[in-house]
Amino acid sequence: MKHFFFFFFLSSSVVYSQTYETTFTVKVVSVIDGNTLEVVDDNDNHLTFLLSEVDCPEIGQSLSEEAKSFTSDLVLKKKVIVQRKGKDWLGNKLAVVKLKKGTILHEELLKAGLAWASKKASNQSTSLQSNAKERSLGIWSAAEPTPPWIFRRQQTMNQSKGR
């Protein structure tokens, strides 16, 4: 019986360490929107991640297709390095995604003006957003672009309430 519990503990520890590694390589199999990726690991596990530090235009918003296409061009069907960064308040998994040469995906979206830096973003991210804004790139070409978190709230408020 002792051996069973020891084996169970040992096998659980191995599964736990494999499942919850913080940095690992995956292949991107789908780009859901500009900042949401579906990936598959070497064990054929499918995972969905939101990019940490940014929020891209939502489907139905101006430049949402451009953000999705930009992200697809950079990562779709390619191997990337994912560094887990915890979860957001809704429980979505957050990650920093690095491309082959060390390029960080969310930084590229900010440089192109296709994402907003989050409130908890690094100084680097907020600086990249400021540069894109100064140059009127992407979302910053509009006089008053609607951030995606406001757009989502407006969509929820506009839905009819069933009784």
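Scroll up to find the structure this text is about.
Residues numbered from 1 in each chain as written. Predicted model: local features only at pLDDT ≥ 70, side-chain atom pairs only at ≥ 80, totals over all residues. Heavy atoms only, no water.

Chemist: Which parts of the structure should I look at to understand the overall build of the chain?
Modeler: Each helix and strand counted, the chain has five helices and seven strands in total. Listed N to C, the secondary structure of the chain is α-β-β-β-β-α-β-β-α-β-α-α in terms of helices and strands. In the chain, which comprises 163 residues, the share counted as buried stands at 36%. Put simply, 58% of the contacts in the chain that link residues at least 6 apart link residues at least 24 apart. With the model as given, the accessible surface of the chain reaches about 10,800 Å², and the carbon-plus-sulfur share is 54%. (Helix = DSSP H or I, 4+ residues; strand = E, 2+ residues; numbered from the N terminus. Buried < 20%, exposed > 50% of the residue type's maximum accessible area, 1.4 Å probe, protein only. Contact = heavy atoms within 4.5 Å. Areas by Shrake-Rupley, 256 points an atom, 1.4 Å probe, with all protein chains shown as cover.)

Chemist: I tried to follow the pattern of salt bridges on my own but got confused; where do I start?
Modeler: When their charged atoms lie close together, side chains carrying opposite charge are able to pair. Per the stated rule, a full pass over the model turns up four salt bridges. One salt bridge in this structure joins Asp-55 and Arg-152, with 2.8 Å as the shortest N-O distance. You can see Asp-55 sitting in strand E4 (residues 54-55) and its partner Arg-152 sitting in helix H5 (residues 148-158), a full 97 residues away along the chain. What makes Asp-55 buried here is its relative accessible area of 12%. Here Arg-152 falls in the partly exposed class, since its relative accessible area comes to 33%. One continuous salt-bridge network, built from bridges that share partners, spans Asp-55, Glu-58 and Arg-152. (Salt bridge = Lys/Arg side-chain N within 4 Å of Asp/Glu carboxyl O.)

Chemist: Any chance you could explain the packing of aromatic side chains here in plain terms?
Modeler: Where two aromatic rings form a pair, the distance of their centres and the angle of their planes describe that pair. A complete count under the given rule lists three aromatic pairs for this structure. Geometrically, the ring pair formed by Trp-116 and Trp-140 is edge-to-face, given 5.8 Å between the ring centres and 65° between the ring planes. On the criterion of sequence distance, the pair formed by Trp-116 in strand E7 (residues 116-117) and Trp-140 in the loop between helix H4 (123-134) and H5 is long-range, its members being 24 residues apart. Note on Trp-116: relative accessible area 6%, which makes it buried. When the centroid spacing of 6.3 Å and the interplanar angle of 75° are considered together, the rings of Trp-116 and Trp-149 count as edge-to-face. Note that Trp-116 is positioned in strand E7 and Trp-149 in helix H5, a separation of 33 residues in sequence. Its relative accessible area of 34% is what places Trp-149 among the partly exposed residues. By the ring-pair criterion, three or more aromatic residues cluster together here, those being Trp-116, Trp-140 and Trp-149. (Phe/Tyr/Trp six-rings, centres within 6.5 Å; stacked < 30°, edge-to-face > 60°.)

Chemist: Sorry if this is basic, but what is going on with helix H2 (residues 64-75) here?
Modeler: Two residues of an α-helix separated by three or four positions point the same way, owing to the 3.6 residues in each turn. If you check H2, its first and last C-alpha atoms are 17 Å apart, about what 12 residues at 1.5 Å a residue would give, namely 16 Å. Regarding H2, the residues found buried are Ser-64, Ala-67, Thr-71, Ser-72 and Val-75. Angularly, the buried residues of H2 cover 135° about the axis, an arc narrow enough to put them on a single face. The elements touched by buried residues of H2 are strand E1 (23-33), strand E2 (36-40), strand E5 (79-87) and helix H3 (105-111). Remark: Lys-77 follows H2 within two positions and exhibits a positive phi of approximately 65°. (Expected span 1.5 Å × (residues − 1). Arc of directions from axis to C-beta.)

Chemist: Explain the sheet that holds E2 here, please?
Modeler: Backbone hydrogen bonds hold the strands of a sheet together, and the pairing may be parallel or antiparallel. Strand order in the closed barrel formed by five strands is E1-E2-E3-E6-E5, with mixed pairing between adjacent strands. For this sheet, the mean angle separating the axes of adjacent strands, direction not counted, is 55°. Examined bridge by bridge, E1 and E5 share five bridges and lie antiparallel to one another. Directly across from Val-26, in E5, lies its bridge partner Val-80. Contacts between H2 and the sheet are confined to E1, E2 and E5, with E1 contributing the most and set at about 145° to the helix. (Pairing = 2+ DSSP bridges. Axes fitted to C-alpha atoms, helices over the stretch in contact; angles between N-to-C directions.)

Chemist: What am I meant to see in the side chain of Asp-33 here?
Modeler: Position of Asp-33 relative to the elements: it lies in strand E1. Put simply, Asp-33 is tucked away with no salt bridge, and the nearest opposite charge, on Arg-152, sits 6.8 Å away. Among the polar contacts made by the side chain of Asp-33, one reaches the side chain of Thr-36 at a distance of 2.7 Å. Beyond its immediate stretch of four places on either side in the chain, Asp-33 contacts Glu-58 and Lys-68. (Lys, Arg positive; Asp, Glu negative; His and termini not counted. Polar contact = N/O pair within 3.5 Å; in protein donor to acceptor, adjacent residues only side chain to side chain.)

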